[in-house]
Amino acid sequence: MPSTPPCPPSALPRRAWLRWCGALTVAAATAGAPALWAQSGPIRLVSHGDTSGANANQYKPWIAGAQAVFDRANKSGGIGGRPIELLVRDTGGKPKAAEELTAKSLAEDKAVAFFGFGGGPVVKAVLPLIDKAQMPMVASFSGADELRGVTPFMFHIRPGFKVEVERIARQMQSMGLKRVAVAAIDRPIGTAGVAQIEKLKPQSGIEWMTVPFKEGRSDMDAAVATLVKAAPQAILVLAPSGPGVELIDRTKKAGYNGSWYGLSVLGASYAHEKLGDRARGIVLTQTSPLPAAKTPFIRDDFSKLMAQAGIQHPQVEHVEGYIAARVMLEALKRAGPKVDSAAVVKAMESLRNFDLGGYTVDFGPDKHDGANSVFLTMIARDGKLVE
């Protein structure tokens, strides 16, 4: 059973955190728990994610960016006079903990939607629960392609991994790279990324070499040795932050001096924290604009809101959380003050070409992937991202 995390994490406002004490139990009544509760108090959203593990440095700023949007809405009266309440709980990145938390939430929280769950293994673990309860899940903190199209109750704002891989492959082609190794972890991010590379091979003009690896030390040792011996021009890492950055660290120490590429989940802040100045030059995809971008919503709203919220140095994850909350807020407005889960689903499907200010999401009854924008960035001095 997961332990109760410290309250509150430094990146989260205190009101965003609900502390559960004692052992977590899977409520026997969950299978029949109604997801379509009507509420007269706060409009409640629930987020289960990693606030204490390897992905915490991405998830916590994501939540902080979202909370700033909801706080501003509440100061203006919420939704028809009802405040929006975001409950955040720590899974430690463990699927079993997420399953237990989610079962208990469905039985007790009376939420209208799940929001910002992450990452991929966590979301996969709770899918049967949300599907049976008909509980909408909006803006999961995962790009796993295997999570798309499997339930009518999930709405994705973050593009899938295959979109990120395709963007990197195009960049490599434009740079004239000819020999690239793909270090793919034995997880959905690795399998989905390799599958996309296979589709791109014929027209890429690149000789791709796939090097699978797991998190175990002996297995990673073998992958590092293979990468160093092959000496490709560049290595694309298909792995989340913890094992992905460890692989980079060990391969660099073993003598590899080529270029590095990774997907957004590799995490720029985590890479800089673990690698220091050796993280400079790593190219990463991002699924939202950078905090310093000239996109209208960044200039006209995001930057001011983050300053008002006391967030002095916003990260790209703050932007992504802000975008997700803006979308969620619009859906709640359209659903109205008597919102329930069914109304959230209907409202999300009504968000056709919804423009936040230079960034558009597009949902529909048969379209639950709302965005496909991917941006290329590089880790620069002091861990900052530049385009």
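Residues numbered from 1 in each chain as written. Predicted model: local features only at pLDDT ≥ 70, side-chain atom pairs only at ≥ 80, totals over all residues. Heavy atoms only, no water.

Student: I keep staring at the overall build of the protein chain and nothing clicks. Help me out?
Tutor: Along the protein chain, the regular secondary structure elements total 11 helices and 14 strands. When burial is assessed residue by residue, the protein chain has 55% of its 387 residues classed as buried. Excluding contacts between residues fewer than 6 apart, the proportion of contacts in the protein chain whose partners are at least 24 apart in sequence is 69%. Accessible area of the protein chain: about 15800 Å², with a carbon and sulfur share of 51%. (Helix = DSSP H or I, 4+ residues; strand = E, 2+ residues; numbered from the N terminus. Buried < 20%, exposed > 50% of the residue type's maximum accessible area, 1.4 Å probe, protein only. Contact = heavy atoms within 4.5 Å. Areas by Shrake-Rupley, 256 points an atom, 1.4 Å probe, with all protein chains shown as cover.)

Student: Any chance you could explain the nonpolar core here in plain terms?
Tutor: Counting 67 residues, the largest nonpolar core has Met172, Leu247 and Ile282 as its most contacted members. The contacts of Ile282, once residues within four sequence positions are left out, are Ile248, Trp260, Leu266, Leu275, Thr377, Met378 and Ile379. Among the nonpolar cores identified, the runner-up in size contains 52 residues, and Ala68, Val69, Val138 and Ala139 belong to it. (Core = buried A, V, L, I, M, F, W, Y, C linked by side-chain atoms within 4.5 Å.)

Student: How should I be thinking about the sheet that holds strand β13 (residues 375-379) in this particular structure?
Tutor: One key point about sheets: their strands pair by backbone hydrogen bonds, in either a parallel or an antiparallel sense. Pairing within the open sheet is mixed, and its 7 strands lie in the order β7-β6-β8-β9-β10-β13-β14. In the strand order of this sheet, the two ends are held by β7 (207-213) and β14 (385-386), each with one partner. Packed on one face of the sheet, helix α4 (residues 161-174) meets β6 (179-185), β7, β8 (234-238), β9 (259-262), β10 (283-286) and β13 and runs near 175° to β8. Lying over the sheet, helix α6 (residues 217-230) contacts β6, β7 and β8, oriented at roughly 160° with respect to β7. (Pairing = 2+ DSSP bridges. Axes fitted to C-alpha atoms, helices over the stretch in contact; angles between N-to-C directions.)

Student: I'm lost on the sheet that holds strand β1 (residues 43-49) in this one. Help?
Tutor: The strand order β2-β1-β3-β4-β5 describes an open sheet built from 5 strands, whose pairing is parallel. Edge positions in the open sheet fall to β2 (84-90) and β5 (154-155), since each of these has one partner strand only. Direction of pairing for β1 relative to β2: parallel, over a ladder of 7 bridges. The residue bridging Val46 from the neighbouring strand is Leu87, located in β2.

Student: Is there a simple way to explain α4 in this structure?
Tutor: Helical geometry: 3.6 residues make up each α-helical turn, so side chains three or four residues apart lie on a common side. Here α4 spans 20 Å end to end across 14 residues, near enough to the 20 Å set by a 1.5 Å rise per residue. Among the residues of α4, Phe161, Glu164, Val165, Ile168, Ala169 and Met172 are the ones counted as buried. What you see down the axis of α4 is that its buried residues fit within an arc of 135°, all on one side. Positioned one or two residues after α4, Gly176 has a phi angle of 80°, which is positive. (Expected span 1.5 Å × (residues − 1). Arc of directions from axis to C-beta.)

Student: Whenever I open this one, the packing of aromatic side chains confuses me. Can you help?
Tutor: What describes a pair of aromatic rings is the distance from one ring centre to the other and the angle between the planes of the rings. One pass over the full model with this rule turns up 10 aromatic pairs. Judged by centre distance (6.0 Å) and plane angle (75°), the rings of Trp62 and Phe141 are edge-to-face. Pair noted here: Trp62 is in helix α1 (residues 56-75) and Phe141 is in the loop between β4 (137-138) and β5, with a separation of 79 residues, a long-range link. The class for Phe141 is buried, based on a relative accessible area of 8%. Summarising the aromatic geometry, the rings of Phe114 and Phe117 are spaced 4.8 Å apart at their centres and angled 40° between planes, so their arrangement reads as tilted. (Phe/Tyr/Trp six-rings, centres within 6.5 Å; stacked < 30°, edge-to-face > 60°.)

Student: Could you clarify how one ought to interpret the pairing of β10 in this entry?
Tutor: Every regular strand shows the same layout, with side chains that alternate between the two sheet faces. The alternating pattern of β10 places Val283 and Thr285 on one face and Leu284 and Gln286 on the opposite face, and all of these are buried. Bridge count between β9 and β10: 2 bridges; the pairing is parallel. Residue pairing in the sheet places Gly262 in a bridge with Leu284 of β10. Pairing of β10 with β13 involves 4 bridges; the strand directions are antiparallel. Considered in β13, the bridge of Thr285 is made with Leu376.

Student: Can you walk me through the side chain of Ser288 in this structure?
Tutor: Along the chain, the position of Ser288 falls in the loop between β10 and α9 (296-308). Judged by relative accessible area, which is 2%, Ser288 ranks as buried. Beyond its immediate stretch of four places on either side in the chain, Ser288 contacts Val316, Val319, Glu320, Ile323 and Phe375.

Student: Can you walk me through helix α3 (residues 120-133) in this structure?
Tutor: In this model α3 runs 20 Å from its N-terminal to its C-terminal C-alpha over 14 residues, within 8% of the 20 Å that 1.5 Å per residue would give. Lining the buried residues of α3 we find β1, α2 (95-108), β3 (113-115), β4 and β5. One or two positions beyond α3, positive phi appears at Gln134, with a value near 55°.

Student: How should I be thinking about the environment of Thr285 in this particular structure?
Tutor: Its location among the elements puts Thr285 in strand β10. Accessibility expressed as a relative area gives 0% for Thr285, which makes it buried. In sequence terms Thr285 and Phe375 are 90 residues apart; their C-alpha atoms lie 5.5 Å from each other. The contact partners of Thr285, leaving out residues within four places of it in the chain, are Glu164, Ile168, Gly262, Leu263, Ser264, Val374, Phe375 and Leu376. Within the structure, Thr285 has its side chain in polar contact with the backbone nitrogen of Ser264 (distance 3.1 Å). (Polar contact = N/O pair within 3.5 Å; in protein donor to acceptor, adjacent residues only side chain to side chain.)

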